Amino acid sequence: MKIATWNVNSLTVRLPQVLDWLAAQAAAGAPVDVLALQELKLSDDKFPAAALEQAGYSAVWLGQKTYNGVALLARQPAAEVQRNLPGFADEQARLIAATYHTGGTDAQPLRVVGAYFPNGQALGSDKFAYKLRWLEALRTWLEAELARHPRLLLLGDFNITFDDADVWDPVGLHESIHCSSVERAHLQALLALGLHDAHRLFEQPPKSYTWWDYRQLGFQKNRGLRIDHILLSSALKASARACQIDRAPRKNPQPSDHAPLWVQLG
DNA sequence: ATGACGGAAGTTTTCCGA
């Protein structure tokens, strides 16, 4: 099982790259089973379900015009689809969860939670307060969700770094947005529910990032942040075989500012 | 200097992202 996440920064613009990337993974002998997408930036009626179906992926999605929007693509049909956080009134499309019955050696179904965490803009702003409220609502819901679904992944664009190893300039960005101790405490609170950072289960190259600023040659200078994550429940941790960030799509013409990352479960 | 770059809405500029 290969499960991936990618903030595409407009699925309208990036659909050809998503299809190319999925085809390239399959051609390399390791097809993607589930792909979580964030920042679709399109309304539900504009979602390219037919093109994805043609590529062998059934999708569920929660769209929004201009901003946000999330989807799950999979080679199996989705069950028990949940859109946004129950009990948390939210005008922004940020979360979608589904259950996949993978068959084969995976006897138990897999619960996949794809999320686009709020950015937060700046500490002390209204958007930061919203980010903290959203994080608390997520933690509360996830606690119950984990009890119902022991084999669970939470993946997507978290907009939070774990620590300074995830930051290209820890001094310059000290206690700034995505790097603050307040945000990091919320991320640790998710781990405390019994989740594990898939990336850190394996040896990784130094300065591994998933996002680079479009400006000032950020990618070329590897001035980035690791803010996209895949968290595995304890029941899945032992089955993890590899976890990688794929920088190749960031080198495309008209790239997303984020790179995809994936985990292989044995 | 709160910029740059890119996407979207929609119109010559603004909002937002991270």
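Residues numbered from 1 in each chain as written. Chains lettered and ligands numbered in written order. Predicted model: local features only at pLDDT ≥ 70, side-chain atom pairs only at ≥ 80, totals over all residues. Heavy atoms only, no water.

Helix and strand counts for chain A come out as 5 helices and 14 strands. Expected size for 266 residues packed as a compact globule is a radius of gyration near 18 Å; at 17 Å, chain A falls within 12% of this value. For chain A, the spread of C-alpha atoms along the three principal axes comes to 45 × 40 × 40 Å. Burial status across chain A gives 55% buried among its 266 residues. Long-range contacts, defined here as pairs at least 24 residues apart, represent 68% of the contacts in chain A between residues at least 6 apart. Total accessible area on chain A is roughly 11500 Å²; 53% of this is exposed by carbon and sulfur atoms. Computed over 27 positive and 27 negative side-chain charges, the separation of the two mean positions in chain A equals 3 Å. (Helix = DSSP H or I, 4+ residues; strand = E, 2+ residues; numbered from the N terminus. Rg over C-alpha atoms; globule rule 2.2 N^0.38 Å. Buried < 20%, exposed > 50% of the residue type's maximum accessible area, 1.4 Å probe, protein only. Contact = heavy atoms within 4.5 Å. Areas by Shrake-Rupley, 256 points an atom, 1.4 Å probe, with all protein chains shown as cover. Lys, Arg positive; Asp, Glu negative; His and termini not counted. Charge placed at Lys NZ, Arg CZ, Asp CG, Glu CD.)

With that out of the way, let us pick up the UniProt feature "site: Transition state stabilizer" (unreviewed entry) in chain A. Under the present numbering, the feature "site: Transition state stabilizer" (unreviewed entry) in UniProt falls on Asn159. Summarising the element assignment, Asn159 is placed in the loop between strand 8 (152–157) and helix 4 (181–191). You can call Asn159 buried: its relative accessible area is 4%. Asn159 has contacts with Tyr116, Phe117, Pro118, Asn119, Lys131, His178, Glu183 and Ile227, leaving out every residue within four places of it along the chain. Of note is the side chain of Asn159, whose polar atom sits 2.9 Å from the backbone oxygen of Phe117. (UniProt positions renumbered as here; feature names shortened; annotations may be inferred. Polar contact = N/O pair within 3.5 Å; in protein donor to acceptor, adjacent residues only side chain to side chain.)

Around DNA strand B, 25 residues are found, and the nearest of them are Ser10, Glu39, Asn119, His178 and Arg215. In the interface set of DNA strand B, defined as its atoms within 4 Å of the protein, sugar plus phosphate atoms amount to 68%. A distance of 3.1 Å separates a phosphate oxygen of DNA strand B from a polar side-chain atom of Arg14. Between DNA strand B and Glu39, the relevant distance is 2.9 Å, taken from a phosphate oxygen to a side-chain nitrogen or oxygen of the residue. In terms of residues, the surface near DNA strand B owes the most to one element, helix 1 (residues 11–27), which gives 3 residues. For the surface near DNA strand B, the residue count by class is 7 nonpolar, 11 polar and 7 charged. (Near = heavy atom within 4 Å. Nonpolar A, V, L, I, M, F, W, Y, C, P; charged D, E, K, R; others polar.)

Of all hydrophobic cores here, the largest spans 32 residues; its most connected members are Ile3, Leu153, Leu232 and Val263. Once residues within four sequence positions are removed from consideration, Leu153 is found in contact with Ile3, Leu110, Arg111, Val112, Val113, Ile230, Leu231, Leu232, Leu236 and Val263. One finds Tyr130, Leu154, Phe162 and Leu195 within the second-largest nonpolar core, a separate group that totals 24 residues. (Core = buried A, V, L, I, M, F, W, Y, C linked by side-chain atoms within 4.5 Å.)

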